[in-house]
Structures are given as C-alpha cells and as structure tokens.
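# Residue-level structural notes
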Amino acid sequence: MSRFFATGSDSESEESSSADEITPKAPGTINKQSLLLSDDEEDTKRVVRSAKDKRFEELTNIIKTIRNAMKIRDMSKCLEEFEQLCRAFLKSKTIMDKEGVPPFYIRLLADLEDYLNQLWEDKEGKKKMNKNNAKALSTLRQKIRKYNKDFETEIVSYKENPEQSAEEEEKDDVGSASSSESSDDDDDEGITAKSLLKKKPQEEEKKAPEASKFLKGAADEESESEDDEESEDWGSDSVHSGSESEDNEGAAASLAVVFLKKALDGDKQSDRKKDDRRKKHKPKERLEEEAGEDRDPDDEGWEKVKGGVPLVKEKPKMFAKGTEINSAVVIKKLHEILQARGKKGTDRAAQIELLHALAGISNENNLGEGILVKIKFNIIASLYDYNPNLAAFMKPEMWKKCLECIDELLDILFNNNNIFIGENIAEDSENLAISDQPLRVRGCILTLVERMDEEFTKIMQNTDPHSQEYVDNLKDEGRVCGVIDRLLQYLETKGSTEEVCRVYLRRIMHTYYKFDYKAHRRSLGLQGETKSEQDQEESEGEDSAIIMDRLCKFIYSKDRTDRIRTCAILCHIYHHALHSRWFQARDLMLMSHLQDNIQHADPPVQILYNRTMVQLGICAFRQGMIKDAHNALLDIQSSGRAKELLGQGLLMRNMQERNAEQEKIEKRRQVPFHMHINLELLECVYLVSAMLLEIPYMAAHEFDARRRMISKQFHHQLRVGERQPLLGPPESMREHVVAASKAMKMGDWRTCHSFIINEKMNSKVWDLFPETQCVREMLVRKIQEESLRTYLFTYSSVYDSISMETLSEMFELDLPTVHSIISKMIINEELMASLDQPTQTVVMHRTEPTSLQNMALQLAEKLGGLVENNERVFDLKQGVYGGYFNRDQKGGYQQNKSYQRAPDQRGGYQQKQGYQRDQKGGYQQKQNYQRGGYRNQNQSSY
Amino acid sequence: MASRKETPSGKTPDSPVKQIQIEGLVVMKIIKHYQEEGQGSEVVQGVLLGLVVEDRLEITNCFPFPQHTEDDADFDEVQYQMEMMRSLRHVNIDHLHVGWYQSTFNGSFVSRALLDSQFSYQHAIEESVVLIYDPIKTAQGSLCLKAYRLTPKLMEICKEKDFSADGLKKASVGYENMFEEVPIVIKNSHLISVLLWELEDKSTAADKHELLNLSSSTHLEKSLQMLMDRMDDMSQDIVKYNNYCRSLSKQQQQKHQYIQRRQQENAQRQSRGEPLLPEEDLSKMFKPPQPPPRMDTLLICSQINTYCQTIKEFTSQNLGKLFMAEALQGTSS
C-alpha cells in the first residue's frame, strides 16, 4: 500500500483504489480467521436476504481483486484469491441453491479461464514471468479447468450471449453490480489493451464500452484536466480498438444496442469517470511492476500486514463469551490452532501468541497439569517452527523464551510425578485431564532440549565471536547446562536407556572441552604427593573428570548406536588429553581403534576426531613425548587445512570447488568459537616437535641420498626462511622456529633456546598452556639434548676424541645424561665411536665414507634406477610386439626376456639383473612405506 | 643395444677430411683466448681459418668471437665475422672459413647447441670441424685439443629433422657414431721448433711437476657430479619414453578392442540383414601420443660416454702415478 501513498498526488482516486485493494482482503482473512477461530459466529439462519447480500458482496469483492490481479498478471495472487473465492462460494452454497449461481460469478469463471488459456499460449510472456507466477499459473489453470466442469452449462450459456448475462446482472442487483460492473469494464479494457488481436465473442462486447469511452473521453477532455494524461496514454490503444471495432461493426449489431444502453445510463457515467481515473492509475502501477522484479517480496510484505491486522482484533475472541471453559473445549481449541500449523498462510508469531494465551486461560481455569504440559510442548514446538528455514538461526530472544518454556516444563514435570510423556504415546490414548489416573502426554522433552541445544550452537555460530553479544550469549551456556542437568536427573529416573545415553552425550558435549581449573588447582596443591593419593583426592570432589568417567562408562556399556559411543569416546579422550592424562588418553585412543574406521563416520564426528587428535598431540607435547606429538599432529598439519579440518573456519581458496549449498552445510558444521583450539599454538607445537626430530635426523643423514623428510611442512618453512633475501630478527612464530632450527643445526643450543622461549613466544604460545613452567623446562631440556645429538652428528668427523665433560659443559647437561645420550647413539649405530671409560672421552672411529665414496655410492644407486627403467622400456617393447594380452603377466618377462637375442651377453645381463632385483626390493619397500603414509593421511582427512 | 658393434670412427672413407694440421699459432691463440676471457664454466668460442689440401685440413689462423654482454644485444655476429675476415685478407692471411673452436668445462661439450651449430657449419662448408679445447686438462700438464665432425649419418638425420625413435633406428645412429674424431697434427715452422728446443733446455724440472700431481679426488668428484647430473637427465628421459610406450600400447589395445567390437557388431548385423556400420576414421578417434624426441637422449648418452672416457683415462693415469709413487717411496725408505 505504501507505494500508493508514495506516488500520491491524486488523492481521490488513490483512496478509492486503495479502498478497493483493501476491502477484498478483509473478508478473505476474516474467512480464514473465522475458520480458524470461531465457527459459531456463523449464523446463516437469521436473515436470509441480508445473508445473501453479504455473501454476494464478499464474492464480488473477491472477484474484483481477482480481476485486478489478472490485470497486473499477478498469478500467485490470482490463485490465492481464486481459492478464497471457491471457499466463499462453498460457504454460500445454501443461498446459491436457493437463488441460483449468480451470473457475475459465472462471468468471472469464464473470463478467468479464457484469460488463463491466453496467457498459457503466450509462450514468450510465460518465459518472462518469474518462477512463482509461472507455477501459480499452471496450478490455477488446472484448478479452474476442474472447477469449471461443474458450471459447464452456465458458462456455455454465458459465452453464447455475454451481454444478456451482463444485463441480467445489472438488473439483478444494482448495488453490487455497480461496483462489479465498473470493475468489469476496466478489466476488459485491461485485457484488450494487452491483447488486441484476440477475437472472442465477449471481446466484441468490450469494444462497445471502449468506443463509448473513446467518445466520452474526448468530451471529458475539456472539463477535466486530470484526464489529459490518461487519454493520451490510451490514445493509441483506442485508435487500434477503434479501427478494429469498425471492422466488426457490421457483424455485431447488438453492439450498438449496448452502446446506446450504456450511453443512456445516466449514473453509470459518473462511475465510468471514476473508472477512468482509476485506469490512469493502473498503467502507473503496471509500469512499476514491470520495472521492478521485486514484485514478489513486495506482495509478500503486503500480505503480512494484512495477516497481522485482523488478528489483533480477533484475539480476544478466543472463546465465545460465556462458554464454559473446560478441558475438552481447550483441547479442541488447541487442535484447532495446531491444524493451522505448517500451513502456508499461517502467521507463526500469532500462533505462538495464541498458544500462550491458551496456556494462560488453562492456567486461570485450573485445568490441570496435563493440559498445561501439552500446551507447553506445543508452544516450544511452534517456537522452533518460527524459523521455517533450518539453516537460519533463532533469534536469541526467541531462544531465551524457548529456554524458559523448557525450564517451566521441567518444573512441572518434576513437581508432578504422575505425568508420563513419550513419543510413543498415541494421540488418542493421551490422558490430559482425568486426574485420578496417571496423566499421559505425547511429546518428547529430550528432543526439545536437544533442539534447544542445537539452536544454541547455531546462535553461537552466527554471532561475531569478538563482540560483547557473544559473551552475553555465552553466559546462557550455564543455563543450558543447567537444563540438561535437570533433564538428566529426570530421565535417569524415568527415561529409557537410550534416552539416558542421549542426554548423557549432551552433558558430555558440554563438559569435554572445558578445562577444570578447580581440579587443576587441587592437584597442583598436592603436587608433592604420590599419584594414588592424587587420584583419591580427585575422586572426592565431583570434578569433571569423575563426571566424564561416569557418563562415558555408562554409554560404553549401555549404548547401542555406534555414533553416541564414538562421540563419547572421543570426548573422553579429549578431556583426558586436556587435563594432561596422556597415558589414559592414548590407551583409550588405541583401544578404541577409531583410527581405522573414522573415515566412515559423518563429518561432525570426524571433526570431533580431528579435534581429539590435535588435543592428544598437544598433550603429548606437554608431557615431552615429542615423537608422539608429532605423529598425532602430522595428519592435521600436513594437509595445510587445519582450520577446515577442525571446523574452525572455512578456507576461502576453494570457493569454486563448492557451491553455495555446500558452503551452507559446512558453515553449519563449524565449531563455536569458545570451543576452538588455538591454531597458532597447534602449529607451533607441531613445528617445534618437527624441529626437535628433524634437525638431528638431517645432521645424521647429510649424505644419505635416500633421505626422506620427517615433516614436509617444516621443510617448507625452512625453505621459506632460506629464500628471504634479508634476514631480520624473527617476528612471527614461524620465523622464530626457523631461526631456532638454524641455530640448532649448528649445535648452538643457547641461541636456539632464546629463539624458542622468549617474551614474544611466551605471549603467543607457551602461556596458553596450563602448566607453562613445566612445559618450558621440558622444552629447554629437549633442546639441549637434541642440540647435543646434532652437534655430535655434524662435527664428529672433526674430532678424534672429545671429552664428555666438555660436552656436558657445553650443553649444560649433567654427565650421566650426556653419557646416556652418547651410549644410545653408539648402540643405534648413529655415531661411530666408542666410550673410553677411564678418561671419560668419546673416541671417534673413522668409518664414514669420504665424499667421493659417497658420491660413487649415489651414482651406483642412480645407475640402478636407470637400469631398472631401461628394463621396463625393454619389457614394454616386448609386450607390445608380443601381443596385447600377455602384457599383464608381469612375472613372465623374466623368463622370456630375450636373452636369446644376445646370447653371448647373458652373463653380463644376469649380473646386472641380480643387482637390479636388490634395488627393486629397496624401491618397493620405500613405495610401500609411502603408500602407508598416504593412507594414514587419507584416513583422517576429515 | 648390446648387439651394437664398435664402429671405427673417424676413418669413414666418404669423409672429406682425414687429418687436421694445426699451426702452433692457432693453439696458442685459443689458449690465450680462454685464459683471458673464460672463467670457470664459461665457454669461449671462435672461428677457424685455413684451407683444405687433399684430404688434409690445414688450420692456419683463428680469431675469437667477442664475449657477449648484456648491453650490446644488437651486436651482429655475422657482420663481425665478415669484417674480420676481410681485414685478415688485407694482411694476406688465409681467410677461408673452415670451422670453429670452443672451450669446454670438464669435457661437457656434447650438447644440442654444439650439434646444431656444427650441423649448420658442416652443411654450409663441408669440410668444417669443431675444435674442443679442455683448459682444465691442459692445466694439469697435457694439452687437450680434439677435433670433431658429425658423421654423415647424423648429418642426414639432422637434414631431415627426424629425431623420432624409428628414424634414428632406421639410420642406425647410436651415441657412438654421432661424432667422429679427426686426428690432429700440430705443425710449427722450423724457427719455432728451434725456439721450443731451446726453451726446453732452459726450463727446470719444477715446471713439469704438474704432471705428477697425485691429488685426484677433486677432479674425480667434479666429474662424478656431472656424470650424475647427466644420469638424472637420462633417467628422466627414460621415464618419459616409458610413459609414452605405455600410453601407446594402451591405445593400441583400445583400438584393437574397438575394431573387434565393430567387427562383431557388423557380423551380427550382416546376419540380421541390417546395413553395416560405416567405417570411421580410426586415426581421428585414437590420436597417437606425441613421441618424445630421442635426439636429446642420444646426446646425453654421448655426453655420458665422454665423461666415462675421461674418467677412465684419468683414473688409469692416476693409478699409474700412484704405483710409481709407491715404488718411489719403497726405494727411498
């Protein structure tokens, strides 16, 4: 409507038109509403005559709207109104039976069908239509075809002589006809204007008013300046039609009659004038509509207003006055309200209001808890329904309402032990009111709570994590936990095992990622004590570890769906890892054999698995298990998609790989911000462990041709560091690690230490650990040890012997440690040396090949590869010439290898082959290894 | 490959040049050129001038190509050569273009560029040769100067530009018979010979010690390193060829299957009396994969061969020296 006001200069016509627009709606909605609310209002038997008038007016109003819609080609509107019309017609069936079907109704049906057919044929126009309209058009066409079958005779008779029926109509009732007639007229015009070429019987009739208007328009021109514009607009059209009517003039004799008749009709003229003015308005409207594609949203907005307005008026009339409110009535009402649920035209907000009101009424009248529970269930359900789109998140206010509702519901359930709820209770076996029996209500509180929890997650996902809003929302997490706890208590007494498992999992999901500071502090206080005592202490208070343990163990033993158990195990491991119980976590992980089949799980579980693995790795790092840490983190880190794999954000780069739909799905999988694992911490832990492993390894295998990388990513970082043309002091975490690696390569542990542990790194990474000091001490020690190893690897060739005391001074390690490290290296044949006990020195043995020898070895290896490749070519050639099909017999070539071709060289060849076979073994081994690694990687690639 | 016989190189009867006689002046000029301009792995090149006497090519003079620098990119080499030769004619020096020379780094001279330019020389002037000068070996005490020509077979292949495996096979060109070495004789005027004798008399024994240098590892290492690089290239080439063969055979199989299926269907149709399916252009449906050029592989082979030769030579010499040293030590102690 706003657009009418917006154009507004011409107030009179606007008013009339807007009045026209609004009135047809009102009866419609009233209809709907009356259907919905109080059928008792209908009292058809009172006064027949007035009822007929009323009905007819309703009908004509709807018809008018339909005609308007036809004119602007708004098919969806047309369809809607047509459905209303049918309903209205059905309602006034009794009157129709008495009076006969009103001619204007038939006329509309006939016109509408013709109009639709014509639209249907107009292929181009159809193409231009937007989707909604096209769909509405086809439905409407089918509907009207079916519908018109009932009125076939009437329509045929109407089509035979349309004017007569029109006249009849006029005579029939002047009051309504005046309006309907006028609307008819401009309707017809609208059609002819659009499709002048169409020649149908009723068209001829239309020419007449047109012609008259044409004449009249000329006359009006002088008196009414307003009309100028209009007649100009219509000028070309009427010329067309004029010429056409000339053609038809001879044939249509009745035309003149109509013309005369109409001209004579005095009061019609004023009407027509009004029409003209309206018409002037119409093109504008049409223009608007043609200009903007946004007609649909416009229309929708329009409808909503209409839906809301009458409702407010309607609400107080929930029950007819004086009705005795008892449970039966309330239940009936409830059903009535519920029937509208999910239907297209239903206003969801209003429904919630109604349900609330109903709850209030039932409360006022003390109808018992059963009904209240029932209504509460439905309120929550309709709150969830409020957002039709599953992807969109609830508004926090709505959600809070919902939370309150669930809270109240739980209150009721706790207070009344005799209420049974369950999904499996059939609708008709419900017992809502009879208080001496146990109350039975259909519904599942667990599902509602789960949904509520999910909505909470969604809200968190959709809130900017750096805003105050997020913090505010996060405060509700406690309430959610509270609700889940209460539900847990409730279900423990009443629910089935399955339900208990489900609610346990919910509880676990809200517990596993939180660090239990209370327990941590307690254990810190008792650090000196033995482990068993600590355990005792832990078990005394109900800290999260105990809860997790209890809940998870219940699930392990009772759950029958794999998914819940898997999630529970993962959460349990995560929780263990988070609290540095490395061995428990690792054992649980190994026992569960999750690595083998996690790739079959659904993405959220895989994300949880990834999170768990990462947490496990970080835990291992804290405990000083560098190798374990590296292995656990390798899969996640090596892909370079850690962010995605942990569900902590989407990577933008593969935008083209996924469409919008996929992206939405992925967005829904994201973990809320407060559960995120710090990615920088993760990467730093990974890189530092890679450094501690890789640098000594690199030093040990400097000349090994077949040296493989332990960590690709680490190497990548090193290369990036090397490529820097100018090396400034390190800034980022990565640069720090790279700089530290370089220092370590030289065996310079002090520099390495200062790069790894300093102010910057502390604030960025190390302070994020709960036991910062322990981790740092561990790290220093590891750096010293690994630096020592690297030093020995790198410089052992320079020394003939080296005193262990010097080494222990250099690396600030105590003598036994140095001794053990060197011994280990000697045992592993990494260091060619022996320990001289009395002098406490390491005596080096020269067994390493010189660089020339190394090179010769490398060359031999390469030659081996070359020969093998050559053999392959040879093999293939033979296969090609020998026939296509025995090529697959790979083993065969060794026998029929054409030594026959060069028998004199056999000896040399065989020798070569033996060599080659050895080589092949080595090669295959390598390949197998690689494949294994790849598989591992694949396994957890989500 | 095993069946290949060692073909006598350099003595093919249809070669117009069987011997090369070089003036000492040319040798000195080449060495000087390298000394002045070539450092490390950089290569110096120049033009040889002389004339053919029967089956002997006499090289009497040479001049260097100027070193290319970035700033004179529009330098016209041909123009320079013509100018140079004209000037030389004015002072009555042989001005016939009979080839070119090039320095090498550790014997790595066999390359596509050398092949191409030698081909163009030999194509234009039939008797032209390329002189390869190895400064490193020369520094070790023995002058290393070699003359090469493309074999007639290779010339033909180069003319046809057919470097496919089949083409090479048909021409039976292996790495051994790509180049032919032409024996070189250095001739000096008598006056110079006299001077040389005199110089030799005057020179002390210390000047000749380079020849007895026992350290071998650096040179060997370098050679091995380069050999290894070539080896890698070779491996890559073989893998490429392997892939090609595989895809070819796969396609053959597909084609074969297709033909069979088509034949079967046609037989069925014939028995049912339906019209036969038309024969389609098979070559269009199965485009044969692009065969990798084999010339590079050949060149690499040849290069590897050269390396192996040098290493062999070097090690045998060194071995001899080591034995000698041992014997000397034995007597002294």
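Structural notes, computed from the coordinates. What you are looking at is a predicted structure, and each value in this text was computed from that prediction instead of being measured.

## What to know about the nonpolar core
Residue and element names in this part refer to chain A.
- Counting 153 residues, the largest nonpolar core has F621, M691, I756 and W766 as its most contacted members.
- Take this core: its biggest share by element is 13 residues, from helix 34 (residues 679-700).
- Every residue in contact with W766, bar those within four places of it in the chain, is listed here: F621, C684, V688, I756, I757, M761, T772, V775, R776 and L779.
- Membership of the second largest hydrophobic core comes to 34 residues, among which are L59, M96, F104 and Y158.

## Describing the pairing of strand 6 (residues 145-150) of chain B
All names here are of chain B.
- Most of strand 6 is tucked away: 5 of the 6 residues are buried.
- Inspection of the sheet shows strand 5 (residues 129-133) paired to strand 6 by 4 bridges, in the antiparallel sense. Counterpart to V130 in the pairing with strand 6 is Y148.
- Judged from the 4 bridges that link them, strand 6 and strand 7 (residues 179-182) form a sheet pairing that is antiparallel. Pairing of Y148 across the sheet is with E181, part of strand 7.

## Observations concerning the sheet that holds strand 3 (residues 801-803) of chain A
All names here are of chain A.
- Overall, antiparallel pairing links the 3 strands, which are arranged 3-5-4 in an open sheet. Single-partner strands in this sheet number two, and they are strand 3 and strand 4 (833-836). Across this sheet, the average inter-strand angle for adjacent strands is 20°, counted without regard to direction.
- Bridge count for strand 3 against strand 5 (residues 841-844) is 3 bridges, and the pairing is antiparallel. Paired with S803 across the two strands is T841, which belongs to strand 5.
- In the packing of helix 40 (residues 804-811) onto the sheet, the strands contacted are strand 3, strand 4 and strand 5, and the crossing angle to strand 3 comes to about 60°.
- Along the sheet, helix 41 (residues 815-827) contacts strand 4 and strand 5; its crossing angle with strand 4, the most-contacted strand, is approximately 145°.

## Observations concerning helix 8 (residues 217-272) of chain B
- In this model helix 8 of chain B runs 81 Å from its N-terminal to its C-terminal C-alpha over 56 residues, within 8% of the 82 Å that 1.5 Å per residue would give.
- A positive backbone phi angle near 80° is found at B:G273, which sits one or two residues after helix 8 of chain B.

## With respect to the sheet that holds strand 3 (residues 56-64) of chain B
Residues and elements named next belong to chain B.
- Taken together, the 8 strands give an open sheet; going across it, the order is 7-6-5-4-2-3-1-8, and neighbouring strands pair in mixed fashion. Two strands in the sheet have a free side with no partner beyond their single neighbour: strand 7 and strand 8 (184-187). Averaged over neighbouring strand pairs, the angle between their axes works out to 35° when direction is ignored.

## Quick notes on the packing of helix 23 (residues 497-511) of chain A against helix 27 (residues 562-578) of chain A
Residues and elements named next belong to chain A.
- Where helix 23 contacts helix 27, the axes come no closer than 10 Å and their chain directions differ by 30°. It follows from the interaxial angle that helix 23 and helix 27 lie roughly parallel. In the crossing of helix 23 with helix 27, the sense of the turn from one axis to the other is left-handed. Contacts from C501, R502, L505, I508, M509 and T511 of helix 23 reach helix 27 at I564, C567, A568, C571 and H575.
- In terms of residue class, the contact of helix 23 with helix 27 is built from 8 nonpolar, 2 polar and 1 charged.

Definitions and cut-offs
Residues numbered from 1 in each chain as written. Chains lettered and ligands numbered in written order. Predicted model: local features only at pLDDT ≥ 70, side-chain atom pairs only at ≥ 80, totals over all residues. Heavy atoms only, no water. Core = buried A, V, L, I, M, F, W, Y, C linked by side-chain atoms within 4.5 Å. Buried < 20%, exposed > 50% of the residue type's maximum accessible area, 1.4 Å probe, protein only. Helix = DSSP H or I, 4+ residues; strand = E, 2+ residues; numbered from the N terminus. Contact = heavy atoms within 4.5 Å. Pairing = 2+ DSSP bridges. Axes fitted to C-alpha atoms, helices over the stretch in contact; angles between N-to-C directions. Expected span 1.5 Å × (residues − 1). Parallel < 35°, antiparallel > 145°, perpendicular 65-115°, else oblique. Left-handed = near helix turned anticlockwise from the far one by under 90°. Nonpolar A, V, L, I, M, F, W, Y, C, P; charged D, E, K, R; others polar.

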